[in-house]
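# Topology and contacts: notes
Chain by chain, the residues:
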Amino acid sequence: MGEEADAVAVDTEVPAPLQKKQRQNKEWQRLADAQTTLVPPQYQEHKQSYHAKQQQCEKEFVAHKRQVLMNLSSNACDHSPKGGVDRKCLPLMQLLNTHEDYVTTSSCSGRIALFHSVAIAENCGAAESAAAVKRGDKDALGWLLVKHEALTEREVEFLVHALCDGAEGSVVADAAGAAGRQHEEGQREGELDGVWVREGVLRASSLPAFGLVALKMEPFVMHVACRTMESAKWLLSAAAADAGFRNSGVTPPGKKIICGIRHAAGLGFDVPLVMDGVNYVMGQHAYVRRLLQMANTKMHSNDVRLRRLEAAVAARLDKRGATEG
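Computed from a prediction, not measured in an experiment: that's the story for all the values here.

### Description of a nonpolar patch on the surface
A contiguous nonpolar patch, built from Met275, Val278 and Tyr280 and spanning about 280 Å² of accessible area, is present on the exposed surface. Along the chain, Tyr280 turns up in the loop between strand E11 (278–279) and helix H10 (285–324).

### Structural notes on the packing of aromatic side chains
Here the structure, examined in full by the defined rule, presents 2 aromatic pairs. Measuring from centroid to centroid gives 6.2 Å for Phe158 and Trp196, while their planes differ by 85 degrees, and the two rings are edge-to-face. Within this pair, whereas Phe158 is found in helix H6 (residues 153–164), its partner Trp196 is found in the loop between helix H8 (182–185) and strand E4 (197–198), the two being separated by 38 residues in sequence. The same class applies to Phe158 as to Trp196, namely buried. Geometrically, the ring pair formed by Phe220 and Phe245 is edge-to-face, given 5.9 Å between the ring centres and 85 degrees between the ring planes. Within this pair, whereas Phe220 is found in the loop between strand E6 (212–218) and strand E7 (221–226), its partner Phe245 is found in the loop between helix H9 (229–242) and strand E8 (249–250), the two being separated by 25 residues in sequence. Phe245 shares its class with Phe220; the two are buried.

### Regarding the side chain of His263
Summarising the element assignment, His263 is placed in the loop between strand E9 (257–262) and strand E10 (269–275). On the accessibility criterion, His263 (4% relative accessible area) is buried. A polar contact of 3.1 Å, which involves the side chain of His263, links it to the side chain of Asn302. Among residues more than four places away in sequence, those in contact with His263 are Pro219, Phe220, Phe245, Asn247, Asn302 and Arg305.

Rules behind the numbers
- Residues numbered from 1 in each chain as written.
- Predicted model: local features only at pLDDT ≥ 70, side-chain atom pairs only at ≥ 80, totals over all residues.
- Heavy atoms only, no water.
- Patch = residues over 30% accessible without salt bridge, like charges linked within 9 Å, V, L, I, M, F, W, Y side chains within 5 Å.
- Areas by Shrake-Rupley, 256 points an atom, 1.4 Å probe, with all protein chains shown as cover.
- Salt bridge = Lys/Arg side-chain N within 4 Å of Asp/Glu carboxyl O.
- Helix = DSSP H or I, 4+ residues; strand = E, 2+ residues; numbered from the N terminus.
- Phe/Tyr/Trp six-rings, centres within 6.5 Å; stacked < 30°, edge-to-face > 60°.
- Buried < 20%, exposed > 50% of the residue type's maximum accessible area, 1.4 Å probe, protein only.
- Polar contact = N/O pair within 3.5 Å; in protein donor to acceptor, adjacent residues only side chain to side chain.
- Contact = heavy atoms within 4.5 Å.

As structure tokens, this is what we get:
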């Protein structure tokens, strides 16, 4: 009899896999019941507030984009020293500005510059600080020379002569010879600007006897306002992951969501040449020529990466359109 009772007990015991399945069913039912319960009022209020804020941000984005595009069409409110958009930025701007989720707010295609700055005294007044700009003290000259393209051989030799020999009054381009050099330099002369440039003529003046004069190669940078954080993430992925612009990032959500697109470190440089009025490259022709050639090499790399960025953004936008469609 005892053996029969044991056999019955074994036969009626629920198998372990079935017990596990029953527990899962009970848990799923519990979760389903929890979802059908009423959401707390405070959660509902928070959700409504979030959606209202999001809608307001999108309205502000649309208005901001409309204003930016109007300004771009007329070059109004352009506070850059150049006073206009770099033409190498136009293809990427066209891609972004024709998409409903983006509008470009500032950009620089990359530039080679000879820049004069003066440090602001620490004890200067608030009024003086407010009047100061990127070049520092208001007496600084800023750009002696700037170009958003690689320098031509003629421009390189001009700068070597001007910096190493102190050749005041040297001229690299004049009105009479400009037409004959059009085949060599194309339209790049239009990108030449600065204190040393007047009506397309590059003429050296004496180097400043105070402050700092530096040779700079500043790579591409662009800031883009985005409609939502989701659209900002798409653009950031295209820039950082696909095109290698690893210094890119997105500002924390506030009144505006801005994606900054920047190169990884190493593409630019900033080399002091004149400090406190002392020209440390006087007579150093080979050194200055090599620096200028290096700036040109970096500018060419900058242009290649900019084209890679254009392709990456176009591919991401196409992929996003296909996903959402």
